[in-house]
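Structure assessment
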Amino acid sequence: MPIDQAIVAPLLGAAVGLVLALTGAGGDIIAVPLLVFGLALPMQQAGPIGLLAVGLAAGLGALLGLRSGILRYRAAGLIGLCGILAAPAGVWLAHRIPNQPLTLAFALLLAWTGGRRLWRLPPRAAADVADKACRLNPAVGRFDWNRRCARVLGATGVVSGLLSGLLGVGGGFVIIPALSRHSDLPPASVVATSLGVMTLVASGGVAAAALAGSIVWQIALPFAGGAMAGLLLGRLLAARLAGERLQQGFAVLCLIVAGLLLGRVVAAVI
């Protein structure tokens, strides 16, 4: 690996880990664009590398959440299992879709994520809590499981798994809104559970990509190491920086990167 890549890769990875710790779902979204623009990798190589970095960083965050008792591991296991089963289908699709349409799809996903965070809908009323599919039993601090809850969590896992294999994202931007909408988990527990799911889903996508020979390990390992270091730093900064302004800033970043990726697609076509 060239010297400049050896220096840039861990720095870019640190940015991913930092954003992941501060937003709970943003690291997977920016990992691939950073690799595409920062190291000039095609989507087919950037996706698996980003997924590896996000998976390792999320795994570290999930372990810390489990130790704190805020990670709902049964829910994470169900979502993660469904995601692992769906991830190979995403990898299969990624190898059959040309680079430009894949880049366009990622840009649209980024724009949707940024727009959704920037112009988020008003919070649901307290009365709606009774309608949530997955509700905590206050006596034991765990979900009261039912078919509706299992169905919602399973579907969330399938979507996140497909996206992880196809675009190299951990699925946090899907998992966090789903858990927030369909459960009464507090925000810290939502983030920790999402990190647990991202770890499991990413492992399925990384395994499928590794078997397909799609991972450039000399870039992937330093990038992943930087992501883990960035996550630890982000946890120290989260209490001071996390808030509405931070979420808005991340949304703007998503829209900017989406515009750059769209410009890249247009330039390639022209």
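Residues numbered from 1 in each chain as written. Predicted model: local features only at pLDDT ≥ 70, side-chain atom pairs only at ≥ 80, totals over all residues. Heavy atoms only, no water.

Some points on the overall build of the chain
Convention followed: Note on conventions: DSSP H or I runs of at least 4 residues are helices, E runs of at least 2 residues are strands, and numbering of each starts at the N terminus. Relative accessible area decides the class of each residue, using a 1.4 Å probe on protein chains only: under 20% of the type maximum gives buried, over 50% gives exposed, and in between gives partly exposed. The criterion used for residue contact is that any of the two residues' heavy atoms lie within 4.5 Å.
A count of helices and strands for the chain gives 10 helices and 2 strands. Written out in order from the N terminus, the α and β elements of the chain read α-α-α-α-α-β-β-α-α-α-α-α. Across the 270 residues in the chain, those meeting the buried criterion constitute 49%. Contacts spanning at least 24 positions in sequence make up 81% of the contacts within the chain whose residues lie at least 6 apart.

Description of a positive patch on the surface
Under the convention used in this document: Each patch is assembled from residues with relative accessible area greater than 30% and no salt bridge, linking like charges that lie within 9 Å and nonpolar side chains (Val, Leu, Ile, Met, Phe, Trp, Tyr) that lie within 5 Å. For every accessible area listed, the method is Shrake-Rupley and the probe measures 1.4 Å; residues are considered covered only by the protein chains on display. Throughout this description, the term salt bridge denotes a Lys or Arg side-chain nitrogen within 4 Å of a carboxyl oxygen of Asp or Glu. For this count, His and the chain ends are skipped, Lys and Arg are scored as positive, and Asp and Glu as negative. A charge is said to be at NZ when it belongs to Lys, at CZ for Arg, at CG for Asp and at CD for Glu.
Together, Arg 135, Arg 147, Arg 148 and Arg 151 give the surface a local cluster of positive charge. The partly exposed category is assigned to Arg 148, whose relative accessible area is 41%.

Here's the deal with the state of the cysteines
Heads up, the condition is: For this text, the term disulfide refers to a pair of cysteine sulfurs within 2.5 Å.
Following the criterion strictly, the structure yields 1 disulfide and no others. Put simply, Cys 134 and Cys 149 are joined by a disulfide, and their sulfur atoms are 2.0 Å apart. Taking the sign of the S-S torsion, about 110° here, the bridge from Cys 134 to Cys 149 comes out right-handed. Of this pair, Cys 134 sits in the loop between α5 (99–118) and β1 (136–137) while Cys 149 sits in helix α6 (residues 147–167); the two residues are 15 residues apart in sequence, bridging distant segments of the chain.

Thoughts on a nonpolar patch on the surface
Taken together, Phe 37, Val 252, Ile 256 and Leu 260 make up a surface patch of nonpolar side chains, about 350 Å² in accessible area. Relative to the helices and strands, Val 252 resides in helix α10 (residues 244–269).

Looking at the confidence of the model for the chain
This is how it is decided: Each residue carries a pLDDT score, the predictor's confidence in it, ranging from 0 to 100.
Averaged over every residue, the pLDDT of the chain is 82; residues scoring 70 or more account for 88%. Low pLDDT (under 50) marks residues 121–127, which in the prediction has 2 contacts with non-local residues, meaning those over four places away or in another chain.

Overview of the packing of aromatic side chains
Think of a pair of aromatic rings as described by two things: how far the centres are apart, and how the planes are tilted against each other in angle. Formally: Here a pair means two rings of Phe, Tyr or Trp (six-membered ring of Trp) with centres within 6.5 Å. Their orientation is stacked below 30 degrees between planes, edge-to-face above 60, and tilted elsewhere.
Following the criterion strictly, the structure yields 1 aromatic pair and no others. Arranged with centres 6.0 Å apart and planes meeting at 90°, the rings of Phe 143 and Trp 145 form a pair that is edge-to-face. Note on Phe 143: relative accessible area 8%, which makes it buried. Residue Trp 145 is classed as partly exposed on the basis of its relative accessible area of 37%.

Considering the environment of Ala 208
As for its position among the elements, Ala 208 is in helix α8 (residues 187–211). With a relative accessible area of 16%, Ala 208 lands in the buried category. For the pair Ala 208 and Gly 165, spaced 43 residues apart in the sequence, the C-alpha separation amounts to 7.9 Å. Those residues within four positions of Ala 208 in sequence are excluded, and the remaining contacts are Pro 88 and Val 91.

Focus on the nonpolar core
Note on soluble globular proteins: their nonpolar side chains tend to be buried together. Under the convention used in this document: Grouping buried Ala, Val, Leu, Ile, Met, Phe, Trp, Tyr and Cys residues that are joined through side-chain atoms within 4.5 Å yields what is termed a nonpolar core.
With 71 residues, the main nonpolar core has Leu 35, Ile 49, Leu 110, Leu 167, Ile 219 and Phe 223 as its most contacted residues. In terms of residue count, the dominant contributor to this core is helix α3 (residues 43–68) (10 residues).

Topic: the packing of helix α4 (residues 73–94) against α6
What counts is decided by this rule: Inter-axis angles, ranging from 0 to 180 degrees, are taken between N-to-C directions of lines fitted to C-alpha atoms, where helices are fitted over the stretch in contact. In this scheme the crossing of two helices becomes right-handed for a clockwise turn of the near helix relative to the far one and left-handed for an anticlockwise turn of less than a right angle. Ten residues, namely Ala, Val, Leu, Ile, Met, Phe, Trp, Tyr, Cys and Pro, are considered nonpolar, four, namely Asp, Glu, Lys and Arg, are considered charged, and the remaining ones, Gly among them, are considered polar.
Viewed as axis vectors pointing N to C, α4 and α6 meet at an angle of 35°, and their least axial separation amounts to 5 Å. Crossing angle aside, the handedness with which α4 passes α6 is right-handed. Residue-level inspection shows Ala 75, Leu 78, Ile 79, Cys 82, Gly 83, Ala 86, Ala 87, Ala 89, Gly 90, Val 91, Leu 93 and Ala 94 of α4 in contact with α6, the latter providing Ala 150, Leu 153, Gly 154, Thr 156, Gly 157, Val 158, Gly 161, Leu 162, Ser 164, Gly 165 and Leu 166. The class makeup of the residues in the contact of α4 with α6 is 15 nonpolar, 8 polar and no charged.

Comments concerning the packing of α6 against helix α7 (residues 172–182)
Formally: Just so you know how the angles are binned, under 35 degrees is roughly parallel, over 145 roughly antiparallel, 65 to 115 roughly perpendicular, and the rest oblique.
Where α6 contacts α7, the two axes come as close as 9 Å, and the packing angle between them is 165°. Overall, the two elements α6 and α7 adopt an arrangement that is roughly antiparallel. Crossing angle aside, the handedness with which α6 passes α7 is right-handed. Where α6 approaches α7, its residues Val 152, Leu 153, Thr 156, Val 159, Ser 160 and Leu 163 are matched on the opposing element by Phe 173, Val 174, Ile 175, Ala 178, Leu 179 and His 182.

Comments concerning α6
Using the following cut-off: One less than the number of residues in a helix, times 1.5 Å, gives the span that helix is expected to have. Side-chain atoms alone can form a polar contact between residues adjacent in sequence; in general such a contact is a pair of N or O atoms within 3.5 Å, and within protein one must be able to donate a hydrogen while the other accepts it.
An ideal rise of 1.5 Å per residue puts 30 Å on 21 residues; α6 measures up with 30 Å between its terminal C-alpha atoms. The residue sitting at the N-terminus of α6 and contributing the capping side-chain oxygen is Asn 146; that oxygen lies 3.1 Å from the backbone nitrogen of Arg 148.

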